[in-house]
Amino acid sequence: MIPTRLGDMTHSLSFGRHNARLKSTLATLSQEMTTGQARDKVRHLGGNVSALAAMEKSLELATDRKGLAQTTAALLAGKQSIILDISNRTEQVTLEAMRLELDTDPAAIKRTMDSFADAFSGVVRSLNTRFGERTLFAGTRGDGPALAQPEVILDALISGLPVPLDPSELSGIVEAWFAPGSGFDSHAYLGGAPVPAPIDLGHGAEINLTVTAQDNAVRKTLAALATGAVLTRELSGLGPAEHRAIIRQSSLPLKSASQGLLDLSARLGVAEERAATASSRAEAERTSLSIALTELLAVDPYESASKLEQVTNQLDMIYAITARLSRLSLADYLR
Amino acid sequence: MSLSLALSAALSGLNLSARGARIVADNIANAQTESYGVRLLTQAPRVLGDTGSGVAMTGVTRLMDRGLLGDLRQATTQAIGDNLLGAFWQKMETAFGLPGEDGSLGHSISLLGTALQRASLQSDQTALLQQSIQAASDIARKIRGLHDMLRAERDRADAGIAENIEWLNTALQDIADLNHKIQRQTLTGGAPEGLMDLRQSLVDKVSQHIPVQEFAREDGRIMLMARDGSILVDRDAARFSFSRSPDPEASDRVEDGALSRVRLNDREIETGASIFSDGTIGALLRLRDDTAPALQQDLDFLAADLISRFSGSDIDQSLDTNAFGLFSLEGYATLPVALTGIAGQIAVNPGFDSSKGGDAWRLRAGLNATDPGDVLDNTVLDRLARALDLPTSLGTSLAPKRSLQGHATELLSDIATQRLGTDKRSSFNTARVALLSETLAAQGVDTDAELSKLLVLEQAYNANARVLSTIDAMLRTILEI
């Protein structure tokens with residue numbers, strides 16, 4: 001039978017459905033247009049969030065590494081400036097020692113001895129410098145000093161000297177005292193072992209902050225300076241002539257100590273450079289990852305805008321049709 | 001004599017017009033009613049003892065396309081059941097959070113990694129140690145929250161089943177009552193159409209909960225059959241029973257009797273039976289017994305992986321083998337063999353938590369260390385930071401090895417895929433339901449058609465009335481002779 005009837009509810013159901021669908025599309029499109037990103041991110045990625053997760057993790061790491069690299073660079077710079085200070089003092093003392101080649105004046109000898117003593121104290125105090133809350137050269141025991149007070153060190157050193165003392169052996173004995181496993185480690189060094197774990201700055205770049213006051217360059221420097229400093233303590237059997245001889249002989253260990261400090265400074269410099277490279281690489285990584293992330297979730301704004309236009313037009317038409325059809329009722333015409 | 005016959009014929013015509021007008025009024029009044037079948041008046045020439053005179057109403061037909069109605073019910077059952085599961089997956093996906101979103105599980109794991117690295121560089125800073133502990137505590141809290149949410153969902157599913165079963169029983173009983181009434185009306189020649197409308201709307205609501213098929217019986221009765229062939233309503237209504245198990249634990253399963261199955265007439269219905277293959281009850285049962293426990297297991301494996309990464313003496317030499325490290329389980333000393341439900345107990349080891357009498361420096365020195373040790377000794381912290389990225393397998397040893405972040409992302413991907421799947425199915429279902437309901441609605445009341453019918457009826461009434469007055473005049477003429 002040919003249907004002669006079309007139910008009233010058909011229109012309202014159908015238009016209601018279209019209206020709801022278009023309005024929800026409208027909401028999605030307007031959000032996508034304003035943020036430039038897909039509203040339903042998971043659907044945009046097709047249910048596989050591993051790419052998004054990997055990128056987010058890398059971004060987080062890159063941001064963190066930049067901070068780590070900056071802190072590391074600051075610590076290294078701090079160490080570097082201390083080494084520079086020690087180096088300067090050593091050089092100054094070396095010059096003064098060399099002047100005694102030509103001078104035999106007891107006053108000059110006394111002055112030089114005092115310079116040695118001042119330089120020794122200066123170096124010890126310098127090695128105890130704190131950067132914020134940590135003593136840079138104290139290894140794992142960063143909350144305390146790296147070295148005991150200069151006077152205490154000299155006292156310990158003197159108590160270890162044999163009596164009577166042979167002036168030609170003084171240099172050797174002092175060097176042995178500062179060598180690993182001897183009096184320096186037991187009485188003078190108050191810090192801990194070198195910091196065990198390196199800092200991972202990404203892409204295989206690992207930076208060690210392992211230089212402590214037990215480093216060989218530091219030992220040699222302290223030994224050379226202590227040899228002269230100890231002379232100010234009125235050792236028995238040593239007069240001005242012996243003092244002069246000892247000081248003249250210390251120019252070789254002093255020069256070797258300066259060389260050692262230069263090497264140490266170079267090592268620190270290399271580490272600093274690697275930290276700086278890691279920092280800039282982390283920054284670059286961060287920028288490119290942010291861009292990649294945005295692109296991963298991006299929705300073409302032109303497409304969104306044109307779809308939005310289309311949807312608004314369709315909604316307009318639905319409203320117009322609904323209004324028109326509501327007027328088409330036989331009941332109105334039968335009045 | 002023929003005049004009186006003419007009179008009776010005209011009267012029958014008037015009668016029919018009046019009834020027709022009533023039908024039209026009924027139809028127009030119910031133009032917006034759902035489950036309303038358009039009434040149609042059927043007429044035929046009146047036959048009295050082999051001769052015909054006038055018109056008789058042979059009955060009122062209630063128009064309803066049974067096939068279309070059955071299809072619509074089936075589509076609705078499927079749509080509603082799928083929507084329920086879809087809502088669950090959406091909720092879980094939102095709770096997990098997308099990578100990079102603040103508060104998401106993945107983001108919390110990243111934060112722990114970066115906090116540990118920062119602490120490793122400056123292990124003398126108590127603030128950095130506490131930040132790491134806080135980050136760990138956030139992860140534990142997130143996992144506990146997900147566990148609690150799953151538990152609440154299972155509880156809600158159980159409550160929903162109980163509620164729906166109760167409603168179902170009442171509805172089936174009502175349908176059986178309506179069957180009786182309709183039969184009585186039909187046999188005594190009354191007007192059962194209104195009751196039929198009521199019964200149809202009840203069966204529509206029943207079909208949301210359980211897939212049903214309707215068969216017409218004699219005298220206007222119907223029989224309702226479930227998908228597995230069980231008869232729900234014939235002369236009497238079947239009875240479902242279900243006992244509620246409030247607040248089920250993660251380890252409570254229907255297999256070991258901790259949760260109850262639905263019974264039909266005291267016969268237990270097996271899990272996965274076709275009677276509940278669609279509809280809300282089926283969806284809730286699947287959620288409670290299948291979907292949520294599977295997700296629970298995945299979550300428990302993730303929690304176990306998190307705990308075992310940091311346990312034992314590999315990282316922290318002050319710990320015994322298999323003793324808890326950074327993460328622990330409340331009420332346990334080591335990881336139990338049965339992992340069900342551990343996600344609800346995971347917490348930061350109280351030895352590190354200063355609010356529970358622990359110390360932050362133990363993160364650097366070791367949980368059972370006797371003293372804070374050297375402040376810049378970052379051995380343990382470095383191992384902790386690397387532990388997060390160690391590739392491990394979840395559950396069985398055949399599973400692929402991933403970092404912790406990898407496992408969390410994998411779980412999120414599973415959930416996301418399920419959600420997208422239910423979304424797709426849902427849009428298909430919605431379209432199908434919309435199409436069928438529009439087609440059914442197209443067979444509904446058309447007010448324009450009814451009004452034009454009314455016009456015709458009015459005309460017929462006028463004509464019959466005219467006939468009556470003419471016959472009256474004729475009779476008077478005869479009587480005036």
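Residues numbered from 1 in each chain as written. Chains lettered and ligands numbered in written order. Predicted model: local features only at pLDDT ≥ 70, side-chain atom pairs only at ≥ 80, totals over all residues. Heavy atoms only, no water.

Engineer: Explanation requested: the overall build of chain B in the structure shown.
Structural biologist: A tally of helices and strands in chain B yields 10 helices and 10 strands. The C-alpha atoms of chain B give 36 Å as radius of gyration, which overshoots the globular expectation for 481 residues (23 Å, by more than 25%). With respect to the three principal axes, the spread of C-alpha positions in chain B is 140 × 45 × 40 Å. Within chain B, the proportion of its 481 residues that are buried is 49%. For chain B, long-range pairs separated by at least 24 residues make up 65% of all intrachain contacts whose partners lie at least 6 apart in sequence. Side-chain charges in chain B split into 46 positive and 63 negative, and the spacing between the mean points of these groups amounts to 5 Å. (Helix = DSSP H or I, 4+ residues; strand = E, 2+ residues; numbered from the N terminus. Rg over C-alpha atoms; globule rule 2.2 N^0.38 Å. Buried < 20%, exposed > 50% of the residue type's maximum accessible area, 1.4 Å probe, protein only. Contact = heavy atoms within 4.5 Å. Lys, Arg positive; Asp, Glu negative; His and termini not counted. Charge placed at Lys NZ, Arg CZ, Asp CG, Glu CD.)

Engineer: I tried to follow a nonpolar patch on the surface on my own but got confused; where do I start?
Structural biologist: All names here are of chain A. Taken together, the side chains of Met-317, Ile-321, Leu-325, Leu-328 and Tyr-333 define a hydrophobic patch exposed on the protein surface, amounting to about 530 Å² of accessible area. Examining the composition of the nonpolar patch, we find that 3 residues originate from one element, helix 11 (residues 301-327), more than from any other. By the element assignment, Tyr-333 lies in helix 12 (residues 330-333). Looking at Tyr-333, the relative accessible area reads 61%, which means it is exposed. (Patch = residues over 30% accessible without salt bridge, like charges linked within 9 Å, V, L, I, M, F, W, Y side chains within 5 Å. Areas by Shrake-Rupley, 256 points an atom, 1.4 Å probe, with all protein chains shown as cover. Salt bridge = Lys/Arg side-chain N within 4 Å of Asp/Glu carboxyl O.)

Engineer: I tried to follow the packing of aromatic side chains on my own but got confused; where do I start?
Structural biologist: Each aromatic ring pair is summarised here by two numbers: the centre-to-centre distance and the angle between the ring planes. Residues and elements named next belong to chain A. Here the structure, examined in full by the defined rule, presents 6 aromatic pairs over all chains. Taken together through their ring pairs, the aromatic side chains of Trp-177, Phe-178, Phe-184 and Tyr-189 make up a single cluster. It is Lys-79 that lies over the ring of Phe-137; its NZ or CZ is 5.9 Å from the centre. (Phe/Tyr/Trp six-rings, centres within 6.5 Å; stacked < 30°, edge-to-face > 60°. Lys NZ or Arg CZ within 6 Å of the ring centre and 35° of its normal.)

Engineer: For this particular structure, what's the right way to read the interface of chain A and chain B?
Structural biologist: A common way to state how big an interface is: give the accessible area lost once the parts meet. Of the residues lining the interface, 51 residues belong to chain A; the matching set on chain B comes to 53 residues. For the pair chain A and chain B, the summed buried surface comes to about 4,300 Å²; carbon and sulfur atoms form 58% of the total. Of all residues in chain A, Arg-5, Asp-8 and Met-9 of chain A give up the largest surface area on contact with chain B, accounting jointly for 15% of the area buried on that side. Where chain A packs against chain B, one counts 7 salt bridges. Across the pair Asp-389 of chain B and Lys-57 of chain A runs a salt bridge, and its minimum N-O distance is 3.0 Å. Remark: the boundary between chain A and chain B carries 20 residue pairs in polar contact (both at pLDDT 80 or more). Here the side of chain A that touches chain B takes 12 residues from helix 3 (residues 50-99) of chain A, the largest share from any one element. For the side of chain A that touches chain B, the per-class residue count stands at 20 nonpolar, 15 polar and 16 charged. (Buried area = accessible area lost by both parts, 1.4 Å probe. Polar contact = N/O pair within 3.5 Å; in protein donor to acceptor, adjacent residues only side chain to side chain. Nonpolar A, V, L, I, M, F, W, Y, C, P; charged D, E, K, R; others polar.)

Engineer: Where do I start with the sheet that holds strand 8 (residues 267-268) of chain B in this structure?
Structural biologist: Paired through backbone hydrogen bonds, the strands of a sheet run either parallel or antiparallel to each other. All names here are of chain B. Reading across the sheet, the 3 strands line up as 6-7-8 and stay open at both edges, with antiparallel pairing between neighbours. If you trace the sheet from one side to the other, it starts and ends with strand 6 (240-241) and strand 8, each paired once. Judged from the 2 bridges that link them, strand 6 and strand 7 (residues 263-264) form a sheet pairing that is antiparallel. Among the inter-strand pairings, Phe-240 is bridged to a residue of strand 7, identified as Leu-264. (Pairing = 2+ DSSP bridges.)

Engineer: What should I look at first to understand the nonpolar core in this one?
Structural biologist: Soluble globular proteins: nonpolar side chains tend toward being buried together. Ranked by internal contacts, the top residues of the largest apolar core, which has 102 residues, are Leu-232, Phe-240 and Phe-327 of chain B. Of the residues forming this core, the biggest block, 20 residues, is contributed by helix 4 (residues 126-187) of chain B. In contact with Phe-240 of chain B, other than residues within four places in its own chain, are Ile-165, Leu-168, Asn-169, Leu-172, Ile-210, Leu-232, Val-262, Arg-263, Leu-264, Ile-269, Ile-275 and Phe-276 of chain B. Core analysis: the second largest hydrophobic core is formed by 68 residues, Ala-117, Phe-120, Ala-146 and Ala-217 of chain A among them. (Core = buried A, V, L, I, M, F, W, Y, C linked by side-chain atoms within 4.5 Å.)

Engineer: Would you mind going over the side chain of Arg-419 of chain B with me for this structure?
Structural biologist: Here Arg-419 of chain B lies in helix 9 (residues 404-442). A polar contact is formed between the side chain of Arg-419 of chain B and the side chain of Asp-40 of chain A, at a distance of 2.8 Å. Beyond its immediate chain neighbours, meaning those up to four positions away, Arg-419 of chain B contacts Asp-40, Val-42 and Arg-43 of chain A together with Trp-89, Gln-90 and Glu-93 of chain B.

Engineer: Explain the sheet that holds strand 5 (residues 231-233) of chain B here, please?
Structural biologist: All names here are of chain B. Read across the open sheet, the 3 strands follow the order 3-4-5; overall the sheet is antiparallel. Only two strands of the sheet have a single neighbouring strand rather than two, namely strand 3 (212-216) and strand 5. Averaged over all neighbouring strand pairs, the angle between strand axes comes to 35°, with direction disregarded. Looking at chain direction, strand 4 (residues 222-226) and strand 5 are connected through 2 bridges and run antiparallel. Paired with Met-225 across the strands is Ile-231, a residue of strand 5. Strand contacts of helix 4: strand 4 and strand 5, with the helix running at about 65° to strand 5, the strand carrying the most contacts. (Axes fitted to C-alpha atoms, helices over the stretch in contact; angles between N-to-C directions.)

Engineer: What exactly am I supposed to notice about the packing of helix 3 (residues 105-121) of chain B against helix 9 of chain B here?
Structural biologist: Residue and element names in this part refer to chain B. Helix 9 packs onto helix 3 with a crossing angle of 175° between their chain directions and a minimal axis gap of 9 Å. Relative to helix 9, helix 3 is oriented roughly antiparallel. Facing Leu-105, Gly-106, Ile-109 and Ser-110 of helix 3, the residues of helix 9 in contact are Leu-404, Gln-405 and Ala-408. Its residues assigned to classes, the contact of helix 3 with helix 9 shows 4 nonpolar, 3 polar and no charged. (Parallel < 35°, antiparallel > 145°, perpendicular 65-115°, else oblique.)

Engineer: Would you explain the pattern of salt bridges in this entry?
Structural biologist: Here the idea is simple: oppositely charged side chains can pair when their charged atoms come close. All names here are of chain B. Per the counting criterion, the structure on display carries 48 salt bridges over all chains. One salt bridge connects Asp-247 with Arg-151, and the closest N-O pair in it is separated by 3.3 Å. Of this pair, Asp-247 sits in the loop between strand 6 and strand 7 while Arg-151 is found in helix 4, placing the two residues 96 residues apart along the sequence. A relative accessible area of 22% places Arg-151 in the partly exposed class.

Engineer: Would you mind showing me how to read the side chain of Glu-56 of chain A here?
Structural biologist: Among the secondary structure elements, Glu-56 of chain A is positioned in helix 3. Look at Glu-56 of chain A: it is buried, it has no salt bridge, and the nearest opposite charge is Lys-41 of chain A at 7.2 Å. With residues near it in sequence (within four places) discarded, Glu-56 of chain A still touches Leu-293 of chain A together with Pro-99 and Gly-100 of chain B.

Engineer: Is there a simple way to explain the environment of Gly-351 of chain B in this structure?
Structural biologist: Residue and element names in this part refer to chain B. Within the element layout of this structure, Gly-351 appears in the loop between strand 10 (346-348) and helix 7 (362-365). Sequence separation between Gly-351 and Ser-120 is 231 residues, and the spatial gap between their C-alpha atoms is 19 Å. With residues near it in sequence (within four places) discarded, Gly-351 still touches Gly-358, Asp-359, Arg-362 and Leu-367.

Geometric values such as these leave the question of function open.
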